[in-house]
Amino acid sequence: MASPEVARNPERLQELARERAPLEPLAALAEEQATLERELADAQELLAAEADEEMQTMFRQEAERLNERLEALAKRAKKALIPKDPNDERNVIIEIRAGAGGDEAALWAADLYRAYNRYAEERGWRIDLIAASESSGGGGFKEITFEVKGKRAFSRFKYESGVHRVQRVPKTEAQGRVHTSTATVAVLPEAEEVDVKINEADIRVDRFHSGGAGGQHVNKVETGIRITHLPTNIAVTCTGERSQLKNRLKAMGVLRARLYDRELQRQRAERAESRRAQVGTGDRAEKIRTYNYAENRVSDHRIGLTVHNLPAVLDGALDPLIDAVATADEAKQMEQPVA
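Residues numbered from 1 in each chain as written. Predicted model: local features only at pLDDT ≥ 70, side-chain atom pairs only at ≥ 80, totals over all residues. Heavy atoms only, no water.

Asks: I'm lost on the overall build of the chain in this one. Help?
Replies: Along the chain, the regular secondary structure elements total 11 helices and 11 strands. In the chain, which comprises 339 residues, the share counted as buried stands at 40%. Across the chain, the fraction of contacts at a sequence separation of at least 24, relative to all contacts at a separation of at least 6, is 62%. Put simply, the chain shows about 19100 Å² of open surface, and 49% of that area lies on carbon and sulfur atoms. (Helix = DSSP H or I, 4+ residues; strand = E, 2+ residues; numbered from the N terminus. Buried < 20%, exposed > 50% of the residue type's maximum accessible area, 1.4 Å probe, protein only. Contact = heavy atoms within 4.5 Å. Areas by Shrake-Rupley, 256 points an atom, 1.4 Å probe, with all protein chains shown as cover.)

Printed below as a string of structure tokens:
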């Protein structure tokens, strides 16, 4: 980095700086380990040469202390060597779809959207609605897509990907019977143009007037955009902006994210053995949580965690659940041998 060639090349300098940043903590750990090992060798040498019992005790205690520090350092080093998710720093695009349960499932999708909205607001993250399709019963969403922009947003929301099941008595249930409904959450890391190249010849753009139900954000929209990626048949609709150009830009952003996620899923499938060693964070068919109203209970099935504060969770208090899953995921990765 100090060489004149690199100094004259800002792009190369930034590239090397990014490579260096994650290596600096590892280098510091290696230096600390070398220092402790030298001190331990000195203590053991002095212990072997010392005849006085009192001094032997002192050197033995020093050696034990240094061994304990080396063991703790080894744990820190193994944690530091866990591969970092390169997407953790990115913004996220979240898609919530009503699953089994009809209008009740659509209401549940809306509840999840509000919970994520409040969680993001508490962290000072910006939320942009991309598209929403309201249910015929009103008040719920058949599908809603939005973007969360904020520091390390993906690192938190990625643990929300999967099937969320709710057990409660619907407002329309006259007999008081508990219904089970589901909603599917997909969390996509925002993709840049450098991550995914989209050929204009590979897309079809349809323009339409946004109308009908869809909540206050959607009703004020005049023009919608639907972009279909012909090679994969992935279709993206955006109705969140008044401007056709802004809707197109947002739709392209979602399309890039879906194509990027598609490639990530392919890579995960190729690393199936490694993936089994991790706590579920990406399989959308995986039932990750159950929210039981009668018992005021939220159960995360990936780690066997149950908390009894359902109203707070649906009001955005997601950190205890996310922290627990993230900690379990890290522990599982630490159990694996370092490559």
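Asks: Can you walk me through the layout of surface pockets in this structure?
Replies: Unfilled space is identified by rolling a water-sized probe across the atoms. Space inside the second largest pocket adds up to approximately 240 Å³. If you trace the second largest pocket, you find 16 residues lining it, with Glu147, Lys149, Glu190, Leu249 and Gly253 closest to the centre. Mapped by element, the contributors of at least two residues to the lining of the second largest pocket are β2 (126-134), β3 (141-149) and α8 (244-270). (1 Å grid on protein atoms, 1.4 Å probe; cavity = no way out; pocket = protein on both sides within 12 Å on 5 of 7 lines; lining within 4 Å. Points joined across faces, edges and corners; volume = space filled by probe spheres on them.)

Asks: Teacher, can you tell me more about the confidence of the model for the chain here?
Replies: Caution applies to low-pLDDT parts of the model: their predicted coordinates are not meant to be read in detail. Residues at a pLDDT of 70 or more form 90% of the chain, whose mean pLDDT is 85. Low pLDDT, under 50, characterises residues 212-221; the predicted model gives this stretch 17 contacts beyond four residues in sequence or across chains. Scored below 50 in pLDDT, residues 273-278 shows 10 contacts in the model against residues more than four places distant or in partner chains. (pLDDT = per-residue confidence, 0-100.)

Asks: Please clarify how the packing of helix α4 (residues 53-80) against helix α11 (residues 319-335) should be interpreted in this entry.
Replies: The geometry of a pair of packed helices is captured by two quantities: the angle between their axes and the separation between those axes. Between α4 and α11, the shortest axis-to-axis distance is 9 Å and the interhelical angle comes to 105°. In terms of their interaxial angle, α4 and α11 are classed as roughly perpendicular. Residues Lys75, Lys78 and Lys79 of α4 form the contact with α11, whose own contacting residues are Glu330, Met334 and Glu335. Considering only residue class, the contact of α4 with α11 consists of one nonpolar, no polar and five charged. (Axes fitted to C-alpha atoms, helices over the stretch in contact; angles between N-to-C directions. Parallel < 35°, antiparallel > 145°, perpendicular 65-115°, else oblique. Nonpolar A, V, L, I, M, F, W, Y, C, P; charged D, E, K, R; others polar.)

Asks: Explain the packing of aromatic side chains here, please?
Replies: To describe a pair of aromatic rings, you give the distance between the ring centres and the angle between the ring planes. Inspection of the entire model under this criterion finds seven aromatic pairs. Here Trp108 and Tyr291 contribute two aromatic rings whose centre-to-centre distance is 4.8 Å and whose plane-to-plane angle is 65°, an arrangement assigned as edge-to-face. Taken as a pair, Trp108 in helix α5 (residues 102-122) and Tyr291 in strand β9 (residues 287-292) lie far apart in primary sequence, 183 residues in all. Aromatic side chains Trp125 and Phe157 sit 6.0 Å apart centroid to centroid with 50° between the ring planes, which places their arrangement in the tilted category. Here Trp125 is found in the loop between α5 and β2, whereas its partner Phe157 is found in helix α6 (residues 153-157), with 32 residues between them in sequence. The exposure class assigned to Trp125 is buried, which follows from its relative accessible area of 9%. Grouping aromatic residues by their ring pairs yields a cluster made of Tyr116, Tyr119, Trp125 and Phe157. (Phe/Tyr/Trp six-rings, centres within 6.5 Å; stacked < 30°, edge-to-face > 60°.)

Asks: Would you take a moment to explain the pairing of strand β8 (residues 234-238) for this structure?
Replies: A regular strand carries its side chains on alternate faces of the sheet. Of the two faces of β8, only one is covered, namely that formed by Ile234, Val236 and Cys238; the face formed by Ala235 and Thr237 stays uncovered. Examined bridge by bridge, strand β7 (residues 223-229) and β8 share five bridges and lie antiparallel to one another. Bridged to Ile227 within β8 is Val236. In textbook terms, the turn of a hairpin is the stretch between consecutive antiparallel strands, and for β7 and β8 this stretch comprises four residues, one of which, Asn233, has a positive phi near 65°. (Pairing = 2+ DSSP bridges.)

Asks: What should I look at first to understand the sheet that holds strand β6 (residues 203-209) in this one?
Replies: Within a beta sheet, neighbouring strands are joined by backbone hydrogen bonds and run either parallel or antiparallel to one another. Across the sheet, which stays open at both edges, the three strands sit in the order β6-β7-β8 with antiparallel pairing between neighbours. Every interior strand has two partners, whereas the edge strands, β6 and β8, have only one. Taken over all neighbouring pairs, the strand axes of this sheet differ in orientation by 15° on average, direction set aside. Of the pairings in the sheet, the one linking β6 to β7 comprises seven bridges and is antiparallel in character. Across the sheet, Val205 pairs through a bridge with Ile227, a residue of β7.

Asks: Sorry if this is basic, but what is going on with the environment of Arg12 here?
Replies: As for its placement among the helices and strands, Arg12 is situated in helix α2 (residues 10-20). Spatially, the C-alpha atoms of Arg12 and Met1 are 8.7 Å apart, while their sequence positions differ by 11 residues.

Asks: I would appreciate a short explanation of the nonpolar core in the present structure.
Replies: One recurring pattern in soluble globular proteins: nonpolar side chains tend to sit buried together. Judged by nonpolar contacts, the single largest core of 36 residues is most densely connected at Ile96, Val148, Phe157 and Tyr291. Taken together, the elements giving at least two residues each to this core come down to β1 (92-98), α5, β2, β3, α6, β5 (179-189), α10 (310-314) and α11. For this core, the leading source of residues is α5, giving eight residues. Setting aside its immediate chain neighbours within four residues, Ile96 contacts Ala109, Leu112, Tyr113, Tyr116, Lys142, Glu143, Ile144, Phe146, Ala183, Thr184 and Val185. The next biggest cluster of nonpolar side chains, apart from the first, holds 21 residues, and it includes Ile198, Cys238, Ala257 and Leu259. (Core = buried A, V, L, I, M, F, W, Y, C linked by side-chain atoms within 4.5 Å.)

Asks: Even after reading the chapter, I still don't get α11, so can you show me in this structure?
Replies: The periodicity of an α-helix, 3.6 residues per turn, causes residues three or four places apart in sequence to face the same way. The end-to-end C-alpha distance of α11 is 24 Å, a good match for the 24 Å that 17 residues give at a rise of 1.5 Å each. For α11, the set of buried residues is Leu321, Ile322, Val325 and Asp329. One face of α11 carries all of its buried residues, which in axial projection span an arc of 95°. Along α11, exposed side chains directed more than 90 degrees from the buried face belong to Pro320 and Glu335. For α11, the secondary structure elements touched by its buried residues are α5, α6, β9, β10 (297-300), β11 (305-307) and α10. (Expected span 1.5 Å × (residues − 1). Arc of directions from axis to C-beta.)

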